[in-house]
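Residues per chain, in single letters:
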Amino acid sequence: MARVLRAERVWVETFTGLRIDQFGRLLRAVWERGGEGCGWGRPWRLPLAERVLLMAVYYRTNLTTRQLAPLFGVSPATVCRGIQGLGPLLALEPTRTSQDAVERLWIVDGTLVPVRDRKVGAPSRNYRLSANVQVIMDAETRLVVATARPVPGNTADAKAWRDSGLAEYCEGVTVLGDGADGLPLVVGISAGNVHDSEGLKPVIASHQTQQDPYRGRYFKAQRLQADKAYDVPHLHRWL
């Protein structure tokens, strides 16, 4: 069976999102942790570099073992053995963090995981059947802090977050989200001598007004709160 993906720059950067030097550091870390195995027994069908590429593609794209097998020219069983063998070696090492909750910054977002279980899966915008899993990660270490139980993939992130119970876990910690059901966040940067009122129009214009470019609905902000710096006649007329 001919291979499609190889550990080359074009495939690495396209399918993993990593630069070739970053992939090289990841490959070295796996090798130092014993990625080549004990040295005896039946040799691997794929070299270590391509097994690491397989793992990176597996985690990034959520492709199944049956889908990955023809891309690398191996059987689904070989893909499964590679995942089980290299998965623990790709885990990040624990990093020392501040114990003060005030200084912590966490990020929460929902990810769609393709599943076949119809009890938890539902059609979503990306997959035929998927589950929505809320994930909290540390902004400094990029390690996963907590995950919620999966809910149907067509559940909005805001509802999945409210029902997950993770809010109690985040008490006292600053948590950032994408504002799926709240106030969208837009940041504008300008020179220090520019009046605040001059920056309102670009910020409002850059606000996302469509949730999905194909199937989403258009919406417009119904209320704007601002301080007295924006209380000028031409902005009243523009709004």
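Residues numbered from 1 in each chain as written. Predicted model: local features only at pLDDT ≥ 70, side-chain atom pairs only at ≥ 80, totals over all residues. Heavy atoms only, no water.

Inspection of the secondary structure assignment puts T155 in the loop between β4 (151-152) and α6 (157-164). On the basis of relative accessibility, which here comes to 18%, the residue T155 falls in the buried class. At 2.9 Å, the side chain of T155 forms a polar contact with the backbone oxygen of P152. (Helix = DSSP H or I, 4+ residues; strand = E, 2+ residues; numbered from the N terminus. Buried < 20%, exposed > 50% of the residue type's maximum accessible area, 1.4 Å probe, protein only. Polar contact = N/O pair within 3.5 Å; in protein donor to acceptor, adjacent residues only side chain to side chain.)

With that settled, consider the packing of aromatic side chains. Enumeration over the complete set of coordinates arrives at three aromatic pairs. A ring pair is formed by W106 and Y169, whose centres lie 5.9 Å apart and whose planes are at 20°; its orientation type is stacked. One end of the pair, W106, is in strand β1 (residues 105-114); the other, Y169, is in helix α7 (residues 166-169), with 63 residues separating them in the sequence. Judged by relative accessible area, Y169 falls into the partly exposed class, the value being 48%. (Phe/Tyr/Trp six-rings, centres within 6.5 Å; stacked < 30°, edge-to-face > 60°.)

Further remarks concern helix α2 (residues 20-32). Side chains three or four residues apart in an α-helix point the same way, a direct result of the helix having 3.6 residues per turn. Helix length check: α2 (13 residues) gives 18 Å between terminal C-alpha atoms against 18 Å at 1.5 Å per residue, within 8%. Immediately downstream of α2, the backbone of G34 shows phi near 95°, a positive value. (Expected span 1.5 Å × (residues − 1).)

A few words on the packing of helix α4 (residues 65-72) against helix α5 (residues 76-86). Two numbers describe a pair of packed helices, the interaxial angle and the distance between the axes. The contact between α4 and α5 brings their axes to 8 Å, and the two run at 105°. Considering their axes alone, α4 and α5 lie roughly perpendicular with respect to each other. Of the residues in α5, those touching α4 at T65, R66, L68 and A69 are P76, V79, C80 and I83. The residue inventory of the contact of α4 with α5, partitioned by class, reads six nonpolar, one polar and one charged. (Axes fitted to C-alpha atoms, helices over the stretch in contact; angles between N-to-C directions. Parallel < 35°, antiparallel > 145°, perpendicular 65-115°, else oblique. Contact = heavy atoms within 4.5 Å. Nonpolar A, V, L, I, M, F, W, Y, C, P; charged D, E, K, R; others polar.)

Moving on, we come to the packing of helix α3 (residues 48-61) against α5. At a minimum axis separation of 10 Å, α3 and α5 run at an interaxial angle of 90°. Here α3 is positioned roughly perpendicular relative to α5, judged by the angle of their axes. Contact residues: L48, R51, V52, L54, M55 and Y58 in α3; V79, G82, I83 and L86 in α5. In terms of residue class, the contact of α3 with α5 is made up of eight nonpolar, one polar and one charged.

Structurally, the position occupied by V151 is in strand β4. Residue contacts for V151: discarding those within four places in its chain leaves V120, A131, N132 and A160.

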